[in-house]
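Structural description and commentary
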Amino acid sequence: MKIEDHEVILKVNDLKKYYPMKKNKAGSTVVKAVDNVNFHIKKGETLGIVGESGCGKSTLAKVIIQLLEATEGDILLEGIPLTDCKGTKLKEIRRSMQMIFQDPYASLNPRWTVERTLLEPLIVHKIGTKDERKKIIKNIMRDVGLDESYLSRYPHEFSGGQRQRIGIARALVLNPKLIIADEPVSALDISVQAQILNLLKDLQEEYDLTYMFITHDLSVVQYIADRIMVMYLGRIVEIGSTETIFSKPLHPYTEALISAVPQVTEEKSKERIIIKGDLPSPTSPPTGCHFHTRCPFVMDKCKIERPELHFTNESRAVACHLHSLQ
Ligand code: SF4
């Protein structure tokens with residue numbers, strides 16, 4: 001089924017984020033943190049982005065939200081190219097995209113009350129009168145499950161879960177369309193993780209939100225995401241619906257990640273695939289397929305030729321020579 005442009009909220013074309021460095025042994029002068037990435041997110045869906053630490057997922061988030069400048073490529077929010085927006089136009093468009101961070105304590109100003117934290121974005125963007133702003137933040141406090149009496153308190157007076165609720169409230173205050181959540185539950189206890197994930201699901205419906213959800217935890221992404229994009233050393237290796245990725249992973253790296261997730265099903269659980277070795281350094285990634293040094297199916301071709309992202313159908317793509325041979 002063809003995806004129409006009006007269904008897409010975010011489109012990323014040939015995006016690159018390279019960092020210059022001194023020439024290394026392999027002759028490389030750049031670190032390719034994000035390397036030629038192409039994907040889209042449909043309105044109202046949750047795209048989960050997974051991969052080991054250092055795979056480029058957080059850099060990708062920061063480039064999309066314009067905290068980092070792209071080296072090359074286009075980012076389009078509802079068809080508007082962000083890379084061409086400057087000044088007031090960029091400020092306006094950035095209202096539509098907000099971020100939730102991993103460590104809510106570090107992302108909140110310890111000297112500001114919750115009220116000031118939530119009012120600040122409204123004041124900066126000149127939204128509403130004094131009374132209207134107060135009404136907005138009280139409603140949001142209620143929606144994230146916090147009592148409005150907490151508005152006068154400071155971040156240190158809250159638990160980790162409550163602080164993440166404040167982080168979510170701050171992201172919601174400007175009524176965004178897209179929320180980029182970077183490991184939003186990984187610093188929380190398991191029981192609190194479930195509460196925050198359920199809250200995010202409820203808010204998605206209530207506020208008509210689209211999520212780009214970054215995590216290294218496959219169990220979390222299985223619960224929250226409609227589609228999953230797997231990254232390895234700055235490149236996309238596989239993308240598809242959560243159901244198909246979990247039931248039939250195509251890329252050996254995805255297969256290994258999925259095999260490590262405990263499944264509560266009646267089916268006999270699949271044998272765990274252990275990936276050998278550590279993630280290679282992004283400063284000198286392996287030639288050809290970046291995964292070839294750890295792949296149990298490596299062929300000669302894999303060491304020389306980069307596998308391109310190959311679409312097996314409209315919504316499923318994989319970058320692996322095993323599948324481009326078919
Ligand atoms: Fe393994 Fe080769 Fe596929 Fe890379 S391209 S994942 S090395 S089989």
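To be clear, the structure that these remarks concern was listed above.
Given the structure is predicted, the values throughout are model-derived calculations rather than measurements. (Residues numbered from 1 in each chain as written. Predicted model: local features only at pLDDT ≥ 70, side-chain atom pairs only at ≥ 80, totals over all residues. Heavy atoms only, no water.)

**What about empty space enclosed by the protein?**
Evaluation of the coordinates by the stated rule reveals one cavity of 30 Å³ or more. For the largest cavity, the lining is made up of 14 residues, of which Pro-252, Cys-289, Cys-295, Cys-302 and Cys-320 are closest to its centre. A per-class count over the lining of the largest cavity returns 11 nonpolar, three polar and no charged. (1 Å grid on protein atoms, 1.4 Å probe; cavity = no way out; pocket = protein on both sides within 12 Å on 5 of 7 lines; lining within 4 Å. Points joined across faces, edges and corners; volume = space filled by probe spheres on them. Nonpolar A, V, L, I, M, F, W, Y, C, P; charged D, E, K, R; others polar.)

**Quick word on helix H4 (residues 114-124)**
Within H4 the residues assigned to the buried category are Val-114, Thr-117, Leu-118, Leu-119, Pro-121 and Leu-122. Each element contacted by the buried residues of H4 is listed here: helix H5 (130-143) and helix H6 (160-172). (Buried < 20%, exposed > 50% of the residue type's maximum accessible area, 1.4 Å probe, protein only. Helix = DSSP H or I, 4+ residues; strand = E, 2+ residues; numbered from the N terminus. Contact = heavy atoms within 4.5 Å.)

**Observations regarding the pattern of salt bridges**
Pairing between side chains of opposite charge can happen when their charged atoms approach one another. In this structure the tally under the stated criterion is 13 salt bridges. Lys-43 is paired through a salt bridge with Glu-78; the nearest N and O atoms lie 3.8 Å apart. Pair noted here: Lys-43 is in the loop between strand E2 (30-42) and strand E3 (46-50) and Glu-78 is in the loop between strand E4 (72-77) and strand E5 (80-81), with a separation of 35 residues, a long-range link. Residue Lys-43 is classed as partly exposed on the basis of its relative accessible area of 43%. As a salt-bridge pair, Glu-115 and Lys-134 come within 3.4 Å of each other at their nearest N and O atoms. Residue Glu-115 is found in helix H4, and its partner Lys-134 is found in helix H5; the two are separated by 19 residues along the sequence. It is possible to trace a salt-bridge network through shared partners that takes in Asp-35, Arg-235 and Arg-306. (Salt bridge = Lys/Arg side-chain N within 4 Å of Asp/Glu carboxyl O.)

**Considerations on the site of the ligand**
Taken together, the neighbourhood of the ligand is formed by His-251, Pro-252, Cys-289, Phe-291, His-292, Cys-295, Phe-297, Cys-302, Pro-307, Cys-320, His-321 and Leu-322. Counting atoms within 2 Å of the grid points, the majority share of the ligand lands in the largest cavity. Along the lines of polarity and charge, the residues of the shell around the ligand split into nine nonpolar, three polar and no charged. (Near = heavy atom within 4 Å. Sits in = over half its atoms within 2 Å of the grid points.)

**Here we look at the packing of aromatic side chains**
Throughout the structure, instances matching the rule amount to four aromatic pairs. An angle of 65° between the planes, with centres 4.7 Å apart, marks the rings of Tyr-232 and Tyr-253 as edge-to-face. Here Tyr-232, found in strand E9 (residues 227-232), pairs with Tyr-253, found in helix H10 (residues 252-259); they are 21 residues apart in sequence, far enough to count as distant. In this structure, Tyr-232 and Tyr-253 share a single accessibility class: buried. (Phe/Tyr/Trp six-rings, centres within 6.5 Å; stacked < 30°, edge-to-face > 60°.)

**Thoughts on H6**
Compared with the 18 Å implied by 1.5 Å per residue over 13 residues, the 19 Å span of H6 between its first and last C-alpha is a close match. Along H6, 11 of the 13 residues are buried, which leaves the element largely enclosed by surrounding structure. Those residues of H6 lying buried are Gly-161, Arg-163, Gln-164, Arg-165, Ile-166, Gly-167, Ile-168, Ala-169, Arg-170, Ala-171 and Leu-172. Considering only its buried residues, H6 is in contact with strand E6 (97-100), helix H3 (104-107), H4, H5, strand E7 (178-182) and helix H7 (190-207). (Expected span 1.5 Å × (residues − 1).)

**Section: the sheet that holds E6**
Taken together, eight strands build an open sheet; the order of strands is E6-E7-E8-E3-E9-E10-E12-E11 and the sheet is mixed. Looking at strand neighbours, the two that pair on one side only are E6 and strand E11 (310-313), the edges of this open sheet. Averaged over all adjacent pairs, the angle separating strand axes in this sheet is 20°, with direction ignored. As paired strands, E6 and E7 are joined by four bridges and run parallel to one another. Within E7, the residue paired with Ile-100 across the bridge is Ala-181. The strands touched by H6 within the sheet are E6 and E7, with E6 carrying the most contacts at an inclination of about 175°. Lying over the sheet, H10 contacts E9 and strand E10 (235-241), oriented at roughly 115° with respect to E9. (Pairing = 2+ DSSP bridges. Axes fitted to C-alpha atoms, helices over the stretch in contact; angles between N-to-C directions.)

**Focus: the environment of Glu-206**
When you line up the elements, Glu-206 lands in helix H7. Residues Glu-206 and Asp-143 lie 63 residues apart in sequence; the distance between their C-alpha atoms is 9.1 Å.

**Focus: the nonpolar core**
Leu-118, Val-144, Ile-168, Leu-172, Leu-200 and Leu-203 are the most contacted members of the largest nonpolar core, which totals 38 residues. Mapped onto this core, the elements with two or more residues apiece are H4, H5, H6, E7, H7, strand E8 (210-215) and helix H8 (218-224). The element that contributes the greatest number of residues to this core is H7, accounting for seven residues. Excluding residues within four positions of it along the chain, Leu-118 makes contact with Ile-137, Met-141, Leu-151, Ile-166, Ala-169, Arg-170 and Val-173. Judged by nonpolar contacts, the second largest core, of 34 residues, contains Val-12, Leu-60, Ala-70 and Ile-239. (Core = buried A, V, L, I, M, F, W, Y, C linked by side-chain atoms within 4.5 Å.)

**Observations regarding the sheet that holds E5**
Read from one edge to the other, the open sheet built from four strands follows the order E2-E1-E4-E5, with strand pairing classed as antiparallel. Of all strands in the sheet, those bounded by a partner on one side alone are E2 and E5. Pairing analysis gives nine bridges linking strand E1 (residues 8-20) to E2, with the strands arranged antiparallel. Its bridge partner lying in E2, Tyr-18 is registered against Lys-32.

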